[in-house]
Amino acid sequence: MSAPNLQVLTLLLERAAAERDEAAQALQGALAQANNARHQHEQLTSYRQEFQQRWTNSFTSQAAAMDIVGCYQSFGQRLDQAVHSQHHVSNHADSRLEQARQRLLAAELRVAGIQKLIERRQAEQRQAAQRMEQRHADEFAARVHAQRAHSHLTY
């Protein structure tokens, strides 16, 4: 393979490496988002449990007015909706995280493939150069041998 073709492969490798680096950064961002979403979901779930426990204790220890019970139920429903919504956000963030992992893996495989191709092409160039060098050495040796043989005949 000629040097220009190797240069094209080198440029392709640089581009693939840049894409891999971008995919790695995207993975880090997706990981942070997924962790944040999971953390928020855990906090909301914990808060909902504390809220339910607090109000359950409050209702059992004293009589509560119906309007307060209504407020509790309304807030509890909104809190349940928030937990449910955050659960979906967390799942979606996990899905984006997995997609980012897959993109990074594909980019890493592409970089590795291009590197392997470059290594093969370089090995082929070395082998071709060695064969050419050997051919030149053989031709030189044959000429020297022919000259010696010719010089022995002329004496």
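Here is a short report on the structure shown in this document. All values reported here derive from a predicted model rather than from experimental measurement. (Residues numbered from 1 in each chain as written. Predicted model: local features only at pLDDT ≥ 70, side-chain atom pairs only at ≥ 80, totals over all residues. Heavy atoms only, no water.)

## Section: the overall build of the protein chain
When its secondary structure is counted, the protein chain shows two helices and zero strands. Since a compact globule built from 155 residues should have a radius of gyration of about 15 Å, the 37 Å found for the protein chain marks it as more spread out than a globular shape. C-alpha atoms of the protein chain, sized along the principal axes, occupy 135 × 25 × 15 Å. Out of the 155 residues in the protein chain, the part that is buried amounts to 18%. Of the roughly 11500 Å² of accessible surface on the protein chain, 54% is carried by carbon and sulfur atoms. Here the protein chain contributes 18 positively and 16 negatively charged side chains, and the mean placements of these two sets differ by 6 Å. (Helix = DSSP H or I, 4+ residues; strand = E, 2+ residues; numbered from the N terminus. Rg over C-alpha atoms; globule rule 2.2 N^0.38 Å. Buried < 20%, exposed > 50% of the residue type's maximum accessible area, 1.4 Å probe, protein only. Areas by Shrake-Rupley, 256 points an atom, 1.4 Å probe, with all protein chains shown as cover. Lys, Arg positive; Asp, Glu negative; His and termini not counted. Charge placed at Lys NZ, Arg CZ, Asp CG, Glu CD.)

## Structural notes on the packing of aromatic side chains
Within this structure, the stated rule accounts for three aromatic pairs. Taken together, a centroid distance of 6.5 Å and an interplanar angle of 90° make the contact between Tyr47 and Phe75 edge-to-face. On the criterion of sequence distance, the pair formed by Tyr47 in helix H1 (residues 3-61) and Phe75 in helix H2 (residues 66-154) is long-range, its members being 28 residues apart. Given a relative accessible area of 29%, Phe75 falls into the partly exposed group. (Phe/Tyr/Trp six-rings, centres within 6.5 Å; stacked < 30°, edge-to-face > 60°.)

## A closer look at the nonpolar core
Among soluble globular proteins, nonpolar side chains are generally buried collectively. Ranked by size, the top nonpolar core spans ten residues in total: Ala23, Leu27, Ala30, Ala34, Ala37, Ala93, Leu97, Ala100, Leu104 and Ala107. For this core, the secondary structure elements donating two or more residues are H1 and H2. When sequence neighbours within four positions are dropped, the list of residues in contact with Ala30 reads Arg96, Leu97 and Ala100. By size, the runner-up hydrophobic cluster in this structure holds eight residues, among which are Leu6, Ala17, Val111 and Ile118. (Core = buried A, V, L, I, M, F, W, Y, C linked by side-chain atoms within 4.5 Å. Contact = heavy atoms within 4.5 Å.)

These results come straight from atomic positions and should not be treated as a statement about function.
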